[in-house]
Amino acid sequence: MDAADGRPMWYKDQTDASGKVVAKIPTKTYSEGTRYYVGNALPEWTGGFTSTMNYKNIDLTILIAYSIGGNIYDADYAGLMNGNIAFPGYNWSTDILGRWQSPSNIGDGKTPKLTGTTDYQGNSSSTRFLYDASYARVRNITLGYNFSKDLLNKISFSSARFY
């Protein structure tokens, strides 16, 4: 985002006479921006851990799944950051409150100004909406109780568990 006027910006390659890239220069025209390969959606590692703990007739099992590496493009968030006020009725993220408002109040420094024109490209595809896809999550927790064999023999059950 340009701090002077609040317009969104992208990079384009500047090349020499032989076609070699010598610099990346900013542009305010989305179609002039160079598309760069910036990552992979596939994680480097995926897996999980399971642990079971027992005490007398009580057991506790925990399953944790994880993924390390990879990127994810958040198109939903990009849509919620559409700062075009020419089309009323759209939902916006509350993050749009951090938008550029003036050269002396640039907001969060990455959210462009609101605009009433239809050529606004502030939420177009860019690394602004690209995030690390790594995570670790608890997928399952089970707490169980195994009824004693003495009790189960009285009712002709071989086993029973409450969880």
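Nothing here was measured: the structure is a model prediction, and the numbers come from that model.

Asks: Before we go on, may I ask you to explain the sheet that holds strand β3 (residues 45-55) in this structure?
Replies: Backbone-to-backbone hydrogen bonds join strands into a sheet, with any given pair of strands oriented parallel or antiparallel. Reading across the sheet, the four strands line up as β3-β4-β7-β8 and stay open at both edges, with antiparallel pairing between neighbours. Each edge of the open sheet carries a strand with a single partner, namely β3 and β8 (161-162). Looking at chain direction, strand β7 (residues 135-146) and β8 are connected through two bridges and run antiparallel. Considered in β8, the bridge of tyrosine 145 is made with phenylalanine 162.

Asks: What's the story with the packing of aromatic side chains in this structure? I'm lost.
Replies: The relation between two aromatic rings is expressed through the spacing of the ring centres and the mutual angle of the planes. Applying the stated rule across the entire model yields five aromatic pairs. Judged by centre distance (6.3 Å) and plane angle (85°), the rings of tyrosine 73 and phenylalanine 129 are edge-to-face. Taken as a pair, tyrosine 73 in strand β5 (residues 71-73) and phenylalanine 129 in the loop between α1 (75-80) and β6 (130-132) lie far apart in primary sequence, 56 residues in all. Measuring from ring centre to ring centre gives 5.8 Å for tyrosine 77 and phenylalanine 129, while their planes differ by 70°; the resulting arrangement is edge-to-face. In this pair, tyrosine 77 is assigned in helix α1 and phenylalanine 129 in the loop between α1 and β6, connecting sequence segments 52 residues apart. Neither tyrosine 77 nor phenylalanine 129 differs from the other in exposure class; each is buried. An aromatic cluster is present here, built from Tyr73, Tyr77 and Phe129 joined pairwise through their rings. Looking at lysine 24, its charged tip hangs above the ring of tyrosine 36, at a distance of 4.3 Å from the centre.

Definitions and limits used
- Residues numbered from 1 in each chain as written.
- Predicted model: local features only at pLDDT ≥ 70, side-chain atom pairs only at ≥ 80, totals over all residues.
- Heavy atoms only, no water.
- Pairing = 2+ DSSP bridges.
- Helix = DSSP H or I, 4+ residues; strand = E, 2+ residues; numbered from the N terminus.
- Phe/Tyr/Trp six-rings, centres within 6.5 Å; stacked < 30°, edge-to-face > 60°.
- Buried < 20%, exposed > 50% of the residue type's maximum accessible area, 1.4 Å probe, protein only.
- Lys NZ or Arg CZ within 6 Å of the ring centre and 35° of its normal.

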